[in-house]
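Summary of structural features
So the chains spell out like this:
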Amino acid sequence: MDIQWYPGHMAKAKRLIMENLKLVDIVIEILDARVPISSRNPDVDNIIGNKPRLIVLNKFDLSDPTINKEWEDYYNKKGINNIFINSITGRGIDKVINTLVFMMKEKMQSLAQRGRKYKPIRCMIIGIPNVGKSTFINKIAGKSSAKTGSKPGVTKGKQWIRLNQQIELLDTPGILWPKFEDKEVGIRLAWIGSIKDEILDQEELAFRLLDFLKTSYPALLIDRYNIDNLDRETLDILNDISKNRGFIVKGGEFDYLRTSEMLLDEFRKGTIGKISLERP
Ligand SMILES: Nc1nc2c(ncn2[C@@H]2O[C@H](COP(=O)(O)OP(=O)(O)O)[C@@H](O)[C@H]2O)c(=O)[nH]1
Ligand SMILES: [Mg+2]
């Protein structure tokens, strides 16, 4: 997400989504399962209006299974279609396809009853940068037979991927801008590596992450970094981690930059464990 968002970009991105919206039956909104709040642009409700929507929570290989369940219950209670997936392995993608068919069942039946000609269900992907839109499209396109190509007259220039007999997916996702008027949102997006580190420097980001892990995932922290006591100042814990890893600079000082980069990197890769930053 190296992209700088300016009002002009936002207006253009929004206009593109609005244009494509007219062509589709369902919007697939991709979120990052670790941050279902921060990875969501709240304007999406206004932009897509009452178009049927499926929420796909990607990267669920990195998020906390217990909290995934909380989110699933939360969405289900609200009657919002939701599916947790891993776009790299493809886990959950079949369920996406089945759900899309299910969501359009009534419409298809009523068309059939009125003797109307069969038309495939059309979908588009939307989401902020880095949630995995391209990975998802590649995976789903790889699974499915072929691109259908553009259809002159109707959808000039647009590429559709046929997912099965009934569904087509627009091959270019709609990109929304991240919203972080709230600094905490910016920090979480920086933790997951979605925005470049312009919000805070690496050391402060890592320090805050350690603070969060200390309260929310103590067992993972203890396991990963051989710490025996978390009931201390965060700085003391950071010192221990630096010491255990041998991240010391000349003169015997702790190498905080190296330790910070390592912590952020291990968190982002899921090496520390399955961690969610937001719960319903
Ligand atoms: N662990 C994990 N990483 C993923 C998953 N989906 C995508 N990624 C990674 O997330 C990064 C951003 O993905 P990309 O598809 O480019 O996001 P886009 O900006 O929304 O198109 C890439 O490094 C992907 O390999 C997933 O389900 N699990
Ligand atoms: Mg992309």
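Thresholds, definitions, all that
- Along each chain, residue indices are assigned from 1 in the same order as the chain's sequence is written.
- Lettering for chains starts from A, numbering for ligands starts from 1, and both go in the order in which the items are written.
- Reporting of local features is limited, given that this is a predicted model, to residues whose pLDDT is at least 70; pairs of side-chain atoms are given and counted only at 80 or more, and all residues count toward the totals for whole chains, interfaces and linings.
- Excluded from the side-chain calculation are hydrogens and water; included are all heavy atoms of the structure.
- Working definition: helices are DSSP H or I runs of at least four residues, strands are E runs of at least two. Numbering for both runs from the N terminus.
- Ring geometry is summarised as follows: Phe, Tyr and Trp rings, the Trp one being its six-membered ring, pair when their centres sit within 6.5 Å, and such pairs are stacked at plane angles under 30 degrees, edge-to-face over 60 and tilted between the two.
- Each residue is placed in one exposure class: buried if its accessible area under a 1.4 Å probe, protein chains only, is under 20% of its type's maximum, exposed if it is over 50%, and partly exposed if it falls in between.
- One heavy atom suffices: a residue is near a molecule or strand as soon as one of its heavy atoms comes within 4 Å of it.
- Polar contacts, as used here, are pairs of N or O atoms within 3.5 Å; protein pairs need one atom able to donate a hydrogen and one able to accept it. Residues neighboring in sequence count only if both atoms are side-chain atoms.
- Surface accessibility in these figures is a Shrake-Rupley result with a 1.4 Å probe; residues are shielded only by whichever protein chains are displayed.
- Polar here means any residue outside two lists: the nonpolar Ala, Val, Leu, Ile, Met, Phe, Trp, Tyr, Cys and Pro, and the charged Asp, Glu, Lys and Arg; Gly therefore counts as polar.

The phi angle of most residues is negative, glycine excepted, and most peptide bonds adopt the trans form. At Lys59, a residue that is not glycine, the phi angle is positive and equals roughly 65°. Looking at the element boundaries, Lys59 is found in the loop between β2 (53–58) and α3 (65–77). The phi dihedral of Asn226 falls on the positive side, at around 50°, and the residue is not glycine. Positionally, Asn226 belongs in the loop between α9 (218–225) and α10 (234–245).

Attention now goes to the packing of aromatic side chains. Tallied over the entire structure, the rule returns six aromatic pairs. On the numbers, 6.1 Å between centres and 55° between planes, the contact of Phe254 with Tyr256 is tilted. Judged by its relative accessible area of 25%, Tyr256 falls in the partly exposed class. Ring-pair connections join several aromatic residues into one group, and the members of that group are Trp71, Tyr74 and Tyr75.

Taken together, the neighbourhood of ligand 1 is formed by 15 residues, with Asp61, Asn130, Lys133, Ser134 and Thr135 sitting nearest. Asn130 places a main-chain nitrogen or oxygen 2.7 Å from an oxygen atom of ligand 1. Interatomic distance of 2.7 Å between a side-chain N/O atom of Lys133 and an oxygen atom of ligand 1. Here ligand 1, which alone exposes 580 Å², has 71% of that area covered by the protein. In terms of residue class, the shell around ligand 1 is built from five nonpolar, seven polar and three charged.

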